[in-house]
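Structural overview
Chain by chain, the residues:
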Amino acid sequence: MKADPKNVLTGSHYLDGNYACAEGAIAAGCKFFGGYPITPSTEIAERVSQRFPLLGGVFIQMEDELASMASILGSSWGGVKSMSCTSGPGFSLMMENFGLGIMLETPCVLVNVQRGGPSTGLPTLPGQADMMQARWGSHGDYEVIALAPDSPQESFELVIHAFNLSEKYRMPVLVMTDECVGHMTEKVVIPPAEEIELLERKYTDKKPGEALPFEPTSDGVSPMIPIGKGHKFHITGLTHDYRGYPVINAETQEKNVRRLIDKVNMHADEIIWLEEKDVEDAEVVIMAYGISSRVIQPAVAKARKEGIKIGQIKMVTVWPFPEKRVRELAGKVKSLIMVEMNYGQVFLEMDRCAAGKCRTYLVGHAGGTVHNAVDVYNTIKEAVK
Amino acid sequence: MAATEIRITGFGGQGVILCGYIIGKAASIYHDQHATLTQSFGPEARGSACSAQVVVSDSRVLYPYVTSPGIMLALSNDGYLTHKDTMAEDCILVYEKDLVKPEKDGPKAKAFGVPATRIAEELGRKIVLNIVMLGFFGAVTDLVPAEALRKSVETSVPAGTEELNLKAFDKGYEYGVHLKEKVELKV
């Protein structure tokens, strides 16, 4: 289905990454936003709160982040596309209900405009140190989908993509941007509505009394049950059977958790989005995501100009991790490099998948600014030896 | 063309950020350049010296921050003093003549001053001093075409204030054209 023209600000705009996230959500048909302001994410909520009244959406500033996350789960079950945004400590506070969203298999989008941490850390400066929290921040076993935009333009596009993934796989999807991208203003081209493809939620076609909220299906994704159409059903954060009722035993736990994991893993090839450049003949491959994948370009170009066979992989999706691709490359290249604004998070996954078959390098720092070209270049020189 | 870094500095309330926004929008929406705007968000930006940074380039801007500006617009002396040491060797300084006192051993390239606040006051609203600066900037530098800047002013200022702001832009531009002629005559 195509986007609704009245939700799409078609044209060229000069927008920051946060406003672009808001426009992406609106274009995707988001109709509920529950949030709590926190720097550097607040402009997303601000823009949504200005635009929603004209479009028939509901914006609520909740009392805190726990309630914000809960509100978007409720509104999603109520039948509308829902989003929240946060940063830093707010992301930590959302983690419990994020897990509830995973367990209830609830489509929604959460944008984390990453700042430096731990704790209140650097409210006004960038970081990428919430990547492992995105992966494992709520308790229990599960899989996540996380995307990382490198510009306002990509923020717009990836928020739409996140909504599509969340509806397709019936789960919360994370957009892991950062303060640099969020507060960076650039040209954003918003296409005509008919060029924006939206995936709509799959609802059961069964009659009331027959539909099950967690019915097993061949693709691992159960159709949802619409509210207000005569169905009576139960959902809970407790381990549940297909009917949605709590069943506290190992057998049900196995089925329940396996469904959460399998539905992402069995579609991983389809979900994983990598942009590769010069990888085929590469001796060294440099991997990065979000703003880091952008600021390494001058150093990579310099190295290539000097004859170093360096390839690049920009990870548009960070989770699920491109395990298969990294294993393949590890058998072919001398080294793999990961560039991220932290002291080695996604690096750990790259290193694990390299499994000792090639050298691995991290270009990392504690956040507060983006990487400088010199550090990246020096690591490339070392990695190609 | 390599990327050109611009820093606009002044104190909170002078319209420093809007100034950066208008330059970036002019370059990337009304001209065929790429432009990335970033701004200081810390507590220092609230009330005292603040700054906006724009990187303008013919190709995609890869590194978004300004480290060594090739053009600096100084709207206040505090802002000038805070950032003067970051100016590139050949940095063009565009400054508010009555508020900023550039040091003699400042930039090796040209420095252009305009009494923007006074011109804005003559127009009846001191608040448009940033737009006077922009018109002046359009005249004394050739990075972004003045026509694109003017269009960007028109579409960026609050509705109902377009006429006043365009007048302010034109005043600044005229002042800049005359000053540049004088400077070139001297050379």
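Residues numbered from 1 in each chain as written. Chains lettered and ligands numbered in written order. Predicted model: local features only at pLDDT ≥ 70, side-chain atom pairs only at ≥ 80, totals over all residues. Heavy atoms only, no water.

**As for the overall build of chain B**
Filter applied, for reference: Segments assigned H or I by DSSP are reported as helices when at least four residues long, segments assigned E as strands when at least two residues long, and all are numbered from the N terminus. Restricting the calculation to C-alpha atoms gives the radius of gyration, and the globule rule supplies 2.2 Å times the number of residues raised to the power 0.38. For the exposure calls, accessible area comes from a 1.4 Å probe over protein chains only, and a residue counts as buried if that area is under 20% of its type's maximum, exposed if over 50%, partly exposed in between. Contact definition: two residues touch when any of their heavy atoms are within 4.5 Å. Only the protein chains shown count as covering a residue, and every accessible area follows the Shrake-Rupley method with a 1.4 Å probe. The sign given to each residue is positive for Lys and Arg and negative for Asp and Glu; His and the chain ends receive no count. In plain terms, the charge of a residue is placed at NZ if it is Lys, CZ if Arg, CG if Asp and CD if Glu.
Assigned secondary structure in chain B consists of six helices and six strands. Beginning at the N terminus, the succession of helices and strands in chain B can be written as β-α-β-β-β-α-β-β-α-α-α-α. The C-alpha atoms of chain B give a radius of gyration of 15 Å, which matches the 16 Å a tight globule of 187 residues would have. Judged by the C-alpha coordinates and their principal axes, chain B covers about 40 × 40 × 35 Å. Out of the 187 residues in chain B, the part that is buried amounts to 52%. When contacts within chain B are restricted to residue pairs at least 6 apart in sequence, those whose partners lie at least 24 apart make up 58%. Carbon and sulfur atoms provide 52% of the accessible area of chain B, an area that totals close to 8400 Å². Of the charged side chains in chain B, 20 are positive and 23 negative, and the gap between their average positions amounts to 3 Å.

**Considerations on the overall build of chain A**
Scanning chain A from terminus to terminus reveals 14 helices and 15 strands. Across the 385 residues that make up chain A, the buried fraction comes to 60%. At a minimum sequence separation of 6, the contacts of chain A that also span at least 24 residues come to 77%. Looking at chain A as shown, the accessible area adds up to about 14600 Å², and 55% of this sits on carbon and sulfur atoms. In chain A, 39 side chains carry a positive charge and 48 a negative one; their mean positions are 3 Å apart.

**Considerations on the nonpolar core**
For the record, the criterion: The set of buried Ala, Val, Leu, Ile, Met, Phe, Trp, Tyr and Cys residues whose side-chain atoms join them within 4.5 Å is what this entry labels a nonpolar core. Domain start and end points were adopted from an automatic or database domain assignment.
Counting residues in hydrophobic clusters, the biggest one holds 87 residues, and the most contacted among them are A:Met83 and A:Val111. Here this core takes eight residues from helix α6 (residues 152-169) of chain A, the largest share from any one element. When we break this core down by domain, the ones giving at least three residues each are domain 1 (5-195) and domain 2 (274-383) of chain A. In this structure, A:Met83 is in contact with A:Cys21, A:Ala25, A:Cys30, A:Phe32, A:Phe33, A:Gly34, A:Ile44, A:Ile72, A:Val109, A:Val111, A:Val159 and A:Phe163, ignoring residues within four places of it in sequence. Core analysis: the next-biggest nonpolar cluster, separate from the first, contains 43 residues, B:Ile23, B:Ala26, B:Val94 and B:Val132 among them.

**Considering the domain arrangement of chain A**
All names here are of chain A. The condition that has to hold: By definition, the buried area sums, over both parts, the 1.4 Å-probe accessible area that each loses when the two are put together. Salt bridges are defined by distance alone: a side-chain nitrogen of Lys or Arg within 4 Å of a carboxyl oxygen of Asp or Glu. Between N or O atoms, a polar contact is any pair within 3.5 Å; within protein, one atom must be a potential hydrogen donor and the other a potential acceptor, and residues adjacent in sequence are included only when both atoms are from side chains. Each residue gets one of three labels, nonpolar for Ala, Val, Leu, Ile, Met, Phe, Trp, Tyr, Cys and Pro, charged for Asp, Glu, Lys and Arg, and polar for the others, Gly among them.
What the domain assignment lists for chain A is domain 1 (5-195) and domain 2 (274-383). Once you take the C-alpha centre of each, domain 1 and domain 2 turn out to be 27 Å apart. The partner domain 2 presents 23 residues to the 26 residues of domain 1 that form the contact. Both faces considered, domain 1 and domain 2 share a buried interface measuring about 1900 Å² in area, 58% of it formed by carbon and sulfur atoms. Among the residues domain 1 hides against domain 2, the three largest losses belong to Gln 128, Met 131 and Met 132. Together they make up 32% of the total. Taken together, the links from domain 1 to domain 2 amount to three salt bridges. Put simply, Lys 314 and Asp 150 hold a salt bridge, and the shortest N to O gap is 3.0 Å. Linking domain 1 to domain 2 there are 16 residue pairs in polar contact (both at pLDDT 80 or more). For the side of domain 1 that touches domain 2, the secondary structure elements donating two or more residues are β6 (122-126), α5 (131-136), β7 (146-147), α6 and α7 (179-182). When residues of the side of domain 1 that touches domain 2 are assigned to their parent elements, the largest contribution, four residues, is made by α5. In terms of residue class, the side of domain 1 that touches domain 2 is built from 17 nonpolar, three polar and six charged.

**Examining helix α4 (residues 88-103) of chain A**
All names here are of chain A. Operational definition: Multiply 1.5 Å by the residue count of a helix minus one, and that product is the helix's expected span.
Given a rise of 1.5 Å per residue, 16 residues ought to cover 22 Å, and the 23 Å separating the end C-alpha atoms of α4 matches this to within 8%. If you follow the buried residues of α4, they end up packed against α3 (65-77), β4 (82-86), β5 (108-116), α5, β8 (172-178) and α8 (250-265). Glu 105, located one to two residues past α4, shows a positive phi value of around 50°.

**A closer look at the packing of aromatic side chains**
Residue and element names in this part refer to chain A. To be explicit about the condition: When two rings of Phe, Tyr or Trp (its six-membered ring) have centres within 6.5 Å they constitute a pair, described as stacked for plane angles under 30 degrees, edge-to-face for angles over 60, and tilted for the intermediate range. Charges are assigned to positions over rings by a cutoff of 6 Å between ring centre and Lys NZ or Arg CZ, combined with an angular limit of 35 degrees from the ring normal.
Taken as a whole, this structure holds seven aromatic pairs over all chains when the rule is applied. Note on Trp 77 and Phe 233: the rings are 5.8 Å apart at their centroids and 45° apart in plane angle, and the pair reads as tilted. With Trp 77 in helix α3 and Phe 233 in the loop between β9 (185-190) and α8, this pair connects stretches of sequence that are 156 residues apart. According to the relative accessible area criterion, Trp 77 is buried, its value standing at 7%. Above the ring of Trp 136, the side-chain terminus of Arg 135 is found at 3.8 Å from the ring centroid.

**A few points about the interface of chain A and chain B**
On the side of chain B, 18 residues touch chain A, which itself brings 23 residues to the contact. Regarding the contact of chain A and chain B, the summed buried area is about 1700 Å², with carbon and sulfur atoms giving 59% of it. Of all residues in chain A, the largest losses of buried area upon contact with chain B belong to A:Tyr14, A:His183 and A:Arg294, amounting jointly to 38% of the total for that side. Where chain A packs against chain B, one counts one salt bridge. Residue A:Asp150 is joined to B:Arg60 by a salt bridge in which the shortest nitrogen-to-oxygen separation is 3.2 Å. Scanning the region where chain A abuts chain B turns up six residue pairs in polar contact (both at pLDDT 80 or more). Counting residues per element, the ones that place at least two in the side of chain A that touches chain B are β1 (11-16), β6, α7, β9, α10 (291-295) and α11 (297-305) of chain A. Grouping the amino acids of the side of chain A that touches chain B by side-chain chemistry returns eight nonpolar, nine polar and six charged.

**Some remarks on the sheet that holds strand β10 (residues 274-277) of chain A**
Each strand in a sheet pairs with its neighbour through backbone hydrogen bonds, running either in the same direction (parallel) or in the opposite one (antiparallel). Residues and elements named next belong to chain A. Quick reminder of the rule: Only when DSSP finds a minimum of two bridges between them are two strands counted as paired. Helix axes are fitted to C-alpha atoms over the stretch in contact, other axes to C-alpha atoms as well, and angles between N-to-C directions run from 0 to 180 degrees.
Spatially, the five strands line up as an open sheet ordered β10-β12-β11-β14-β15, and their pairing is mixed. Only two strands of the sheet have a single partner each, and these edge strands are β10 and β15 (359-364). Neighbour-to-neighbour, the strand axes of this sheet turn through a mean angle of 20°, independent of strand direction. By the bridge criterion, five bridges tie strand β11 (residues 284-288) to strand β14 (residues 335-340) in an arrangement that is parallel. When the bridges of β14 are listed, Ile 286 appears paired with Ile 337.

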